[in-house]
Amino acid sequence: MRLRPGILVRTNFCFVFLAGLLIGAQASDAQGLSSSDLSRLRSVGSVELSPDGHRIAYSVTMRDRPGRPWGQLWIIDLDTKKSVRVGGEKDSGGGPLWSPDGKWIAFDGHQGEKSGLFVARPDGSEVTFLASLEGTNSPLPGAGQDFTWSPDGKQIAFISSTPGAEAAEASGDPMVITRYLYKPDAGEGMTRFNDNLRLHIFVVDVSSKQVRQLTQGNTDEHSIDWSPDGKEILFVSNREPNQDEFFNYDIFTLKVSDNSIRRLTATESNEYEPLWSPDGKRIVFRGTRRGLTDRETTMEDTHVWVMNADGSDRREIGAVLDDRQGVPRWSPDGSAVYFTVQERGSFHLVRLPISSGKPEYVLKDRGAVSAWSLGKDGTIAYGFASPHDMSELYLKTGGAAPRKLTDLNAELFAGKQIAEVESFTFISNDNKFEVEAFLTKPLGMTATSKHPLIVNIHGGPHGQNGPVFSFKNQVYAAHGWATLNVNFRGSSGYGQKFADAVFGDQNGNEGQDVLYGVSTAVRRYLWIDRERMGIEGVSYGGQLTDWLITQTNEFKAAIPIAGIANLVSYNYMTYYNQYEEMEFGQFLHQGNLMDVAWERSALKHVAAAHTPTMLMHGENDNDVPIAEAEQFFIALKDVGTEAIFVRYPREGHGLSEVKHNIDATDRCIAWYEKHFPKPGAEGTTNVQP
């Protein structure tokens, strides 16, 4: 499962480090953040350095109007240090891409009454609409660039959609379903069915605005990059005959002159986001070794690969780093590639020579490098989320220290404290792993004060928590509560063996890792009040919350959000149809796996659940259908356990609308306060863990 909070950007990075942001917050006792502050919170999204290195185009994620977060496009002049907004105050934009000569900036946005692909001048003037960009709600993971400039700057290739072969019947009355993936993408939340649109490559002439379609058919093409010689466009596509059931991106090129297609890879594994080298002789991409099914929730860490332009000499150069790697980009001279790597809760930026070199950490501060862009002289513009702030815009030149160029939340944070995040490690219950946890400390601590602990479990399960600023944790801290995030086995950022350790063992030892993390925390931090502990989580974190309250009574209240309660029913209702096959190694109907899945389902053990539980779920969640929460709610009621059920309309997997996140946080705090004993109550009743 993947949680995609906030703006739905198709990167493996986004849903990991923003997970703590958009599950909300509440009121402040100690000059900290409150839930309503979410609507004022801003952060840097995409970042692109101009070819001459004098400007940076960047987007700012806003949360100040009804509905979901939205992006504004800005351009900062590095000589004058002044930023200009592209378009009006209510216009949106993102994904900027400079033309090769730097005279235009292309972007995807909504300006006035038009939405789609636009260009503007470097000073933000002459905003010009070029073409509509039609997307799809089909569950297609791992998409790279949606548009790319021709080397001469006269044309832009872009991705848009047209109806597929199933579209007419599947949208009729009655609807006739033939596709295996008949439900929409996890976080979409507005509909219940796949729109059956197919992504194809188009080209628009910047001067005449004439558009022509280059690819057609019942497949999807995306993740495009125009070759330096202008003759071909790289793209990825799944050309399997059972493409809904066997997820397998391969790399292709499209010859612009006659639309002929050349296949470069033919593997059972995956290739993502290919890019030409500056001289056009090589291609870099992210890839895997293992075969996948209908989605990319893979235990295998993606690594960076390089091959020749004809597909030969394919090499996994990223194997020198045993951690999950992000989208690569070439150095200006083509001798090295840059990419992010997940390590122990942080996202660092690495430079790796393509000829058997050693990796060099270019940015290794505690926190998360998000979007980034590389200049011709090695200058790096990037977004960075620190332990004390959301993503801000930074610039690093040569060996000098990075310079912070924006301070988007200065006014919001003025006079407010930001809680500290501390990490600690412990040995797992089976003595196989060192496990890391992150503790956000409460504000207002004294030498004798005692504070509640909220255990917040991350999703994935192949994701990670870290020291990166978490809005909800900070609001809990302002309320005088600590938050514990445990990177249980299966988490990314700790090597492949650790990520693999959850295979075939869902609701098993990874759950024990969480409980051992709690046990460690309450013994090392004597200010934690054992009598006032709560547990929550989103997606896989919601699943583990469901499970753990059937295994222990040490928590006074629980809040599973978008969690799986029944591994069997989930397997046949989700759009994510073969997720369990990937996590257990076979279909549920094979061998005794159906029995194993039921045994590892919280619903089977609900009679042991006595923790007051507030379930939260998006009404149109197609990843973990809301029926999972419906089942568990009724089961808890049958047992006699106190339970309430909060359903959010217009939401998919996780919450996106700002008002829903604020509401959810307020309800979380109220639920915990209702069930926590009064501070200072005499006696100790909770002797666990």
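Residues numbered from 1 in each chain as written. Predicted model: local features only at pLDDT ≥ 70, side-chain atom pairs only at ≥ 80, totals over all residues. Heavy atoms only, no water.

> I keep staring at helix α4 (residues 471-478) and nothing clicks. Help me out?
Spacing of three or four residues puts side chains on the same side of an α-helix, whose turn is 3.6 residues. In terms of burial, α4 is a largely internal element, 8 of the 8 residues being buried. Burial in α4 covers these residues: Phe-471, Lys-472, Asn-473, Gln-474, Val-475, Tyr-476, Ala-477 and Ala-478. Contacts from the buried residues of α4 go to β29 (434-440), β30 (451-457), β31 (482-487), β32 (528-538) and α12 (658-675). Of the residues flanking the end of α4, it is Gly-480, one or two places downstream, whose phi is positive at about 90 degrees. (Buried < 20%, exposed > 50% of the residue type's maximum accessible area, 1.4 Å probe, protein only. Helix = DSSP H or I, 4+ residues; strand = E, 2+ residues; numbered from the N terminus. Contact = heavy atoms within 4.5 Å.)

> So what exactly am I meant to see when it comes to the pattern of salt bridges here?
In a structure, side chains of opposite charge can pair up when their charged atoms sit close to one another. In total, this model carries 33 salt bridges according to the counting rule given. Note that Asp-505 and Arg-600 form a salt bridge whose closest N and O atoms lie 2.9 Å from each other. Linking Asp-505 in the loop between α5 (496-500) and α6 (509-524) with Arg-600 in the loop between α10 (593-599) and β34 (613-618), this pair joins segments that are 95 residues apart in sequence. The class for Asp-505 is buried, based on a relative accessible area of 14%. Residue class for Arg-600 comes out partly exposed when judged on its relative accessible area of 23%. The shortest N-O distance in the salt bridge between Arg-532 and Asp-529 comes to 2.8 Å. The burial state of Arg-532 is the same as that of Asp-529; both residues are buried. (Salt bridge = Lys/Arg side-chain N within 4 Å of Asp/Glu carboxyl O.)

> Teacher, can you tell me more about the packing of α4 against α12 here?
A packed helix pair is summarised by two numbers, namely the angle formed by the two axes and the spacing between the axes. Contact geometry for α4 and α12: axes closest at 12 Å, N-to-C directions at 40 degrees. Between α4 and α12, the angle is such that the two are oblique. In the packing of α4 onto α12, the handedness of the crossing is right-handed. Note on element contacts: α12 touches α4 through Thr-665, Cys-668, Ile-669 and Tyr-672, opposite Lys-472, Val-475 and Tyr-476. Its residues assigned to classes, the contact of α4 with α12 shows 5 nonpolar, 1 polar and 1 charged. (Axes fitted to C-alpha atoms, helices over the stretch in contact; angles between N-to-C directions. Parallel < 35°, antiparallel > 145°, perpendicular 65-115°, else oblique. Left-handed = near helix turned anticlockwise from the far one by under 90°. Nonpolar A, V, L, I, M, F, W, Y, C, P; charged D, E, K, R; others polar.)

> I'm lost on the nonpolar core in this one. Help?
One recurring pattern in soluble globular proteins: nonpolar side chains tend to sit buried together. Ranked by internal contacts, the top residues of the largest apolar core, which has 61 residues, are Leu-453, Leu-484 and Phe-632. Not counting residues within four places of it along the chain, the set of residues in contact with Leu-484 comprises Phe-424, Ala-437, Phe-438, Leu-439, Leu-453, Ile-454, Val-455, Asn-456, Gly-517, Val-518 and Ala-521. Grouped together as the second largest cluster of nonpolar side chains are 31 residues, Leu-412, Phe-471, Val-658 and Cys-668 included. (Core = buried A, V, L, I, M, F, W, Y, C linked by side-chain atoms within 4.5 Å.)

> Quick question: what am I supposed to make of the pairing of strand β2 (residues 55-62) here?
For a regular strand, side-chain orientation follows a simple rule: the groups alternate between the two sheet faces. Extensive coverage of β2 is indicated by the burial of 7 of its 8 residues. When strand β1 (residues 43-49) meets β2, the two strands line up antiparallel, connected through 5 bridges. Bridging across to β2, Val-44 finds its partner in Val-60. Joining the antiparallel neighbours β1 and β2 is a turn of 5 residues, in which Gly-53 adopts a positive phi near 75 degrees. Direction of pairing for β2 relative to strand β3 (residues 70-77): antiparallel, over a ladder of 8 bridges. Along β3, the bridge assignment pairs Val-60 with Gln-72. (Pairing = 2+ DSSP bridges.)

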